[in-house]
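Residues per chain are reported as follows:
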Amino acid sequence: MRNPTVPDHGEDFVPLTGLLPHAELWLKLESRNPAGSIKMKTATAMIDAAERSGLLRPGAELIESTSGNLGVAMAAICAARGYHLTLVTDPNSNYRSVQQMRALGAEVVVVERRDDNGGYLGSRIAYISLRLATEPDLVWLNQYANPANVAAHRDGTAVEICERFGVPDWLFVGVGTSGTLMGCVEHFAGLATRPTVVAVDVLGSITFGGAPARRLIPGMGASRRPEIFGPGEYRRVLVSERDTIVACRRIASRYGLLVGGSTGTVVAAAMAHGHRLPRGGRVLAISPDLGGAYLDTVYDDGWVAAHFGDELLRDSARSARRPVREELVKART
């Protein structure tokens, strides 16, 4: 008989049975997309829209800022469609993701100067701006401001949830560019029955207006607020990177599922909300990718001890329950 606590890895929606005290927590696995992450939807939508508008013509040269997954997805599409691609990343990006970008034919530029908020996003965009000023034929699709980023998830991810899972009671969504969040918020706003949407970011990110701080795990957070981040009915939650690591490792050891850092962050938020969730409620967390690119960081004992201390390795159960901050937001940024 199959162990009911072990998810069926053949499905896109998998249960993490027993992780919450009295609600059902499920993951929507986006790792089965081509290129291995939810960012394939974003990259495809942006490139398709640019082609339809005439912005992209055969042989065009593109440039984009990325912390990892979007770069891999864009590199795959550009290789197939014959576009030259330059990807601008930083030292926090996973080494394996950078390897994939280069293997797919993209030129990768690593920007090593931090911006005024202690991150790299501002510096990456400053580099792109300089290139655009001197190379007028260069095309920047700009995932942080591109409405196609939102549309990809309004018309894709959110529809998939409704059609194949049903409307959950609570939906936890990570915030990077905020494309997935805003797309889901827009879609569910039009339904009579809609979930409580929780936007999850990491401490040190400024998207929700908090104080900037250095961050080490790519994929979540920003040192510059994305232009597509806007109003809607959702709750804001901040999670520490320590709790991200604990959640990733707990999922791996308990469920045999190696998830990425963004997934650990949204699961940590769901765990911290455990006492607020309705008994028997259906809770869904969007899992952008799996954890293969994080083997050298989140899952490496030496890296974790060096950056977060031995206590995190010794007492992960206690650390995983550390409270997070929450603020209800309705119709405002």
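The sections below set out a description of the structure shown in this document. Within every chain, residues take consecutive numbers counted from 1 along the sequence as written. Given that the model is predicted, a residue must reach a pLDDT of at least 70 before its local features are reported, and side-chain atom pairs must reach 80 or more before they are shown or counted; all residues, however, enter totals for whole chains, interfaces and linings. Only hydrogens and water are set aside; all other atoms, that is, all heavy atoms of the structure, feed into the side-chain values.

### Considerations on the sheet that holds strand E3 (residues 61–65)
Strand pairing is assigned whenever DSSP detects at least two bridges linking the two strands. Numbering of helices and strands runs from the N terminus; a helix is a DSSP stretch of H or I covering at least four residues, while a strand is a stretch of E covering at least two. With parallel pairing, 4 strands are arranged side by side in an open sheet as E5-E4-E3-E6. The sheet is open, and its two edges are formed by strand E5 (107–110) and strand E6 (138–140), each paired on a single side. Each strand of the sheet is rotated relative to its neighbour by a mean of 25°, with strand direction disregarded. Contacts between residues were defined by any pair of non-hydrogen atoms, one from each residue, lying within 4.5 Å. Orientation is described by axes fitted as lines to C-alpha atoms, over the contacting stretch for helices, and by angles from 0 to 180 degrees between their N-to-C directions. This element, helix H4 (residues 121–134), spans E3, strand E4 (84–89), E5 and E6 of the sheet and lies at about 160° to E3.

### Focus on the pattern of salt bridges
Note on definitions: salt bridges are taken to be side-chain nitrogens of Lys or Arg within 4 Å of carboxyl oxygens of Asp or Glu. Enumeration over the complete set of coordinates arrives at 15 salt bridges. Residue Lys 28 pairs with Glu 30 through a salt bridge whose shortest N-O separation is 2.6 Å. Neither residue differs from the other here; Lys 28 and Glu 30 are each classed as buried. Between Arg 154 and Glu 186 there is a salt bridge whose closest N-O contact spans 3.1 Å. Of the two residues, Arg 154 sits in helix H5 (residues 147–164) while Glu 186 sits in helix H6 (residues 179–189), which places them 32 residues apart along the sequence. When its relative accessible area of 41% is taken as the criterion, Glu 186 is described as partly exposed. Via salt bridges that share partners, Lys 28, Glu 30, Lys 41 and Glu 160 belong to a single interconnected network. Buried, partly exposed and exposed residues are distinguished by accessible area as a fraction of the type maximum, computed with a 1.4 Å probe on protein chains only: under 20%, between the cut-offs, and over 50%, respectively.

### Some thoughts on the state of the cysteines
Note on disulfides: each one is a pair of cysteine sulfur atoms within 2.5 Å. Overall, the coordinates contain 0 disulfides when judged by the stated rule. Left unpaired, Cys 162 is separated from the closest cysteine sulfur, that of Cys 184, by 8.8 Å.

### Remarks on helix H1 (residues 39–53)
Every α-helical turn comprises 3.6 residues, leaving residues that sit three or four positions apart pointing alike. Every helix has an expected span of 1.5 Å times one less than the residues it contains. Here H1 contains 15 residues, and its C-alpha end-to-end distance of 21 Å stays within 8% of the 21 Å for a straight helix at 1.5 Å per residue. Considered for burial, the residues of H1 that qualify are Lys 39, Met 40, Lys 41, Thr 42, Ala 43, Ala 45, Met 46, Ile 47 and Ala 50. Contacts from the buried residues of H1 go to strand E2 (24–29), E3, helix H2 (69–81) and H5.

### Comments concerning the packing of H5 against H6
For the pair H5 and H6, interaxial distance at closest approach is 7 Å and the crossing angle is 60°. Judged by the inter-axis angle, H5 sits oblique to H6. Considering only the axes of H5 and H6, their crossing is right-handed. Here Asn 149, Val 150, His 153, Arg 154, Ala 158, Val 159, Ile 161 and Cys 162 of H5 lie close against H6, whose contacting residues are Gly 179, Thr 180, Met 182, Gly 183, Cys 184, Glu 186, His 187 and Phe 188. For classification, angles of less than 35 degrees are called roughly parallel, those exceeding 145 degrees roughly antiparallel, those between 65 and 115 degrees roughly perpendicular, and all remaining angles oblique. We call a crossing left-handed when the near helix sits turned anticlockwise from the far one by less than a right angle, and right-handed when that turn is clockwise.

### Things to note about the environment of Gly 209
Within the secondary structure, Gly 209 is located in the loop between strand E8 (196–202) and strand E9 (233–239). Of the residues examined, Gly 209 reaches a relative accessible area of 58% and is grouped as exposed. In the structure, Gly 209 is positioned 161 residues away from Asp 48 in sequence and 33 Å away in space, judged by C-alpha atoms.

### Here's the deal with the pairing of E4
With 5 of its 6 residues buried, E4 lies for the most part within the structure. Between the parallel elements E3 and E4, the chain passes through H2 in a crossover that is right-handed. One ladder, built from 4 bridges, connects E4 with E5; its direction is parallel. Bridge pairing in E5 places Val 88 opposite Val 109. Seen with its strands pointing away from the viewer, a crossover is right-handed if its path from the first strand over the helix to the second goes clockwise. Handedness of the crossover joining E4 and E5 through helix H3 (residues 95–103) is recorded here as right-handed.

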